[in-house]
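Report on the structure
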Amino acid sequence: MAHDAQTSIYDELYIIGDVDRVIFMSEDTRFHVLRVTVEKTNTQFKEDAIVTGHFHDIEESERYKFTGKVTQHARFGEQFSASEFKKEIPNTSQGLVQYFSSDKFPGIGTKTAEKIVEALGLDALSKITKDDNALNDVSGLTKAKKLQITETVRSSNAADEAYLLMIKLNIEPSKRSKIIDTYKEDTLNVLQNHPYQLVSDIFGIGFKKADQIAINAGIEPSDPERLVAGVMYTLNDEISSIGHTYIMYMELQDKTLERLNNAAEYFSQEDVSVAVEQLALNKKLIITEDRVTLPNIYYSEHKSAEKLSHILRDNPDEIDLDKAKDVIQSIEKSLSIGYNDNQRHAILNALTEKVSIITGGPGTGKTTIVKGIITLYQEIFEYEDYDSYEPKNYPIKLVAPTGRASKRMADTSGIEASTIHRLIGWGQDTAVDDIIDNEIEAELIIVDEMSMVDTWLFYQFMQNVMPHTKLVFVGDSAQLPSVGPGTVFKDLIGSGVIKTTILDTVYRQGEGSSIVKLAYDIDNGVPMNINDKFKDRLFIPAGTNQIAEVVDTLVSKAVDKGYDMRDIQVLAPIYRGPAGINNLNQLLQRILNPEADGKKEIEFGDKVYRTDDKVIQLINRTEDNIFNGDSGIIDNIYFKDTDDVDKDTLIVDYDNVKIAYERSDLTELSHAYCTSIHKAQGSEYPIVIMPIVSSYYHMLMKNIVYTGITRAKESLIICGDENAFYSAIKREGIPRNTMLQQFLQKYCQVYETEPAELPDYLTEEMIENMTVDPMIGMDTVTPYEFVDTR
Ligand SMILES: Nc1ncnc2c1ncn2[C@@H]1O[C@H](COP(=O)(O)OP(=O)(O)OP(=O)(O)O)[C@@H](O)[C@H]1O
């Protein structure tokens, strides 16, 4: 059915027909499956046809012309897949009467419809569209009715026209409806005259797309709206792709000009300055000295520092230190270990300081210290038996930024732990930029995996901490920074205003782990030979094109030896290419969960999900307590045609919690045989297989390799190119510009006499009314994944 460019216009396949029934419609993407009674066609469909496609507004009983191609569906046979559709304007009296008496025009019956057609003739619709007074010739219509008919005809025309234009402009189907719903009758005007508005109003339409639309609409590249959108886009891009919380004014100017002046000098430095100042006046961005940032980010860093300084200012209650030391001794006895001095200080700091920090690499005793802190609090403050409390009333709260990390905390401590989101009540109805107001009742909050906490999440957390609550932040500052902007953990440590314990004695090495030693050597820049053999780690040389084969062999062997697929995790830093996550997932699915009788399958995009597949959740699903990066197993798939369900449904089992996904939710899932190192942060696996090849070039960085390695508990296999490995461990990530450290120092030094203040225009209301996405850390896209690796 393919047509070449010269003949396609003549050969274009079409069906003109009446829509009998809308069999399926996805609210999200507006993908429709229709049964159509064929009136006229140049295809093989004689009486009726199943027509599929993305349509904005299809009405049953209406006549449309669909253009597209004939496709073969695996289960349902031949269908017509439409790329364009257009309402057929009724061109007979009877058709027009039917149209005016349809549900579209409530209160108009056949008689009135006949009068309209009689008075205006066959071009009634075009007359009504063009002439406000067209309906005056029709007797018996009230003024209100005339207005209603005119508006309905015009908005229906405008929506159809806008929809057709969007198809021509190559705007994705899922965005088309959002655009029409946002701008309504103004859609055409926005698309033709103000396309740069889409960048800030429609999530997922970036500057490049708006630029293309503008070119097609004949808008000059020197248009002032293009400049304003370019500045905002550049600022957002720097923040989301690198993780900065601000960018230098000069850099913003240069980068904006670089982006906008590609073929000619459309704008000067001065033009950019004027646009930046105007945006600042309109409170779309904040300029402080020579820095520029987004209001919500500036506000988050400011407010977090202010709140921390308030908490730090209060002196904690007097503590019986002798008793505390005795309790620590008894903990040591019960655990059969002797805490080292650093560890002991870390435990005591949790009691004597309002806020304290514990940072250390794997195996340095962070978990063991957290256990000690909990017992110490229980003994000193004589808490009742844990089981006698409702978990939400227990005075100690354990939290982490991911579901998996919080589950680990609960497992190792024996008391309930939750995600930060859950603790503060960030739920289903919470929009991304809502400010949460939900004070946490607690005497002590311990936050683990702090390196994963970004600026916005930290702000949301801090605002809900009560002034008397003590805080302990635990993490490994050598790990990857948060996905969202900022380096919160490093800034808290760097500020010097919070008592920090750096743990540097590794205990897991004593248990014979060379994986931990490798991680430390990488962090400390110790020379090494990756080819050295150890019982728990291995390096296998391979080129990019051999990675799939090597991974195949390794995984097949592990499965033969009886390992479960949940024990083996392949980690890669990029999605595309032969050694990318997507390709490795396809391969691993074939090995670990092949097609088989009795296994149900559902196709979605270019993926096939099968029962027993290992999958990963890609965004936070707070209402179900399932988070970005959680992985589970497909438990079952139900089809509406054969099972007793309204919609096709896929059930994923996350450690015995079963979550249902409808088709439209499947964008939230991916296969998890191979995942990105970013998504594996906060998780640990018995066996990690980590390819490192030169084609990962942009992602070959020390903290990425370090984070991947430290996910392995028992065995680590690195396969790839040793030079790629050595260059990666020498390369630091791009440093992030942040302000939290500085704000914290400023607040803590001046607090007693001269509290620093937010600019008075920067209020919570303003943040709530912002249109800029705050890029919260749990987004599906990581800063590094923006990098084009081809
Ligand atoms: N002072 C100590 N003396 C002896 N063993 C210790 C000491 N501190 C910790 N350990 C042991 O070292 C091992 C690692 O400790 P722990 O799990 O607390 O480290 P961690 O920093 O939480 O590691 P990871 O981040 O990898 O989970 C445990 O087996 C623990 O019992």
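To keep things clear, this report deals only with the structure shown in the data block. Computed from a predicted structure; not experimentally measured. (Residues numbered from 1 in each chain as written. Predicted model: local features only at pLDDT ≥ 70, side-chain atom pairs only at ≥ 80, totals over all residues. Heavy atoms only, no water.)

Below, the discussion takes up the overall build of the protein. Helices and strands together make up the secondary structure of the protein, namely 28 helices and 26 strands. Expected size for 790 residues packed as a compact globule is a radius of gyration near 28 Å; at 31 Å, the protein falls within 12% of this value. Here the protein holds 790 residues, and the buried ones make up 51% of them. In the protein, the proportion of contacts linking residues at least 24 apart, taken out of those at least 6 apart, comes to 68%. Split by element, the accessible area of the protein, about 36,700 Å² in all, is 47% carbon and sulfur. Considering the protein, the positive charge centre built from 81 side chains and the negative charge centre built from 126 side chains are found 3 Å apart. (Helix = DSSP H or I, 4+ residues; strand = E, 2+ residues; numbered from the N terminus. Rg over C-alpha atoms; globule rule 2.2 N^0.38 Å. Buried < 20%, exposed > 50% of the residue type's maximum accessible area, 1.4 Å probe, protein only. Contact = heavy atoms within 4.5 Å. Areas by Shrake-Rupley, 256 points an atom, 1.4 Å probe, with all protein chains shown as cover. Lys, Arg positive; Asp, Glu negative; His and termini not counted. Charge placed at Lys NZ, Arg CZ, Asp CG, Glu CD.)

Once that is clear, we can look at the sheet that holds strand β25 (residues 685–692). Taken in spatial order, the five strands of this open sheet run β15-β26-β25-β16-β24, and their pairing is parallel. Two strands in the sheet have a free side with no partner beyond their single neighbour: β15 (537–541) and β24 (674–676). Between one strand axis and the next, the sheet turns through 25° on average, direction left out of account. Bridging between strand β16 (residues 568–572) and β24 involves three bridges; their strand directions are parallel. Its bridge partner lying in β24, L571 is registered against T675. Relative to β25, helix α25 (residues 702–709) is tilted by about 150°, and along the sheet it contacts β16, β25 and β26 (712–720). (Pairing = 2+ DSSP bridges. Axes fitted to C-alpha atoms, helices over the stretch in contact; angles between N-to-C directions.)

So, about a negative patch on the surface. Side chains of D317, E318, D437, E439, E441 and E443 sit close together on the surface and give a patch of like negative charge. Mapped onto the elements of the fold, D437 is located in the loop between α18 (420–424) and β12 (444–447). (Patch = residues over 30% accessible without salt bridge, like charges linked within 9 Å, V, L, I, M, F, W, Y side chains within 5 Å. Salt bridge = Lys/Arg side-chain N within 4 Å of Asp/Glu carboxyl O.)

This part covers the environment of N545. In this fold, N545 is placed in the loop between β15 and α22 (547–560). A sequence separation of 187 residues divides N545 from I358, and the C-alpha atoms of the two residues are 42 Å apart.

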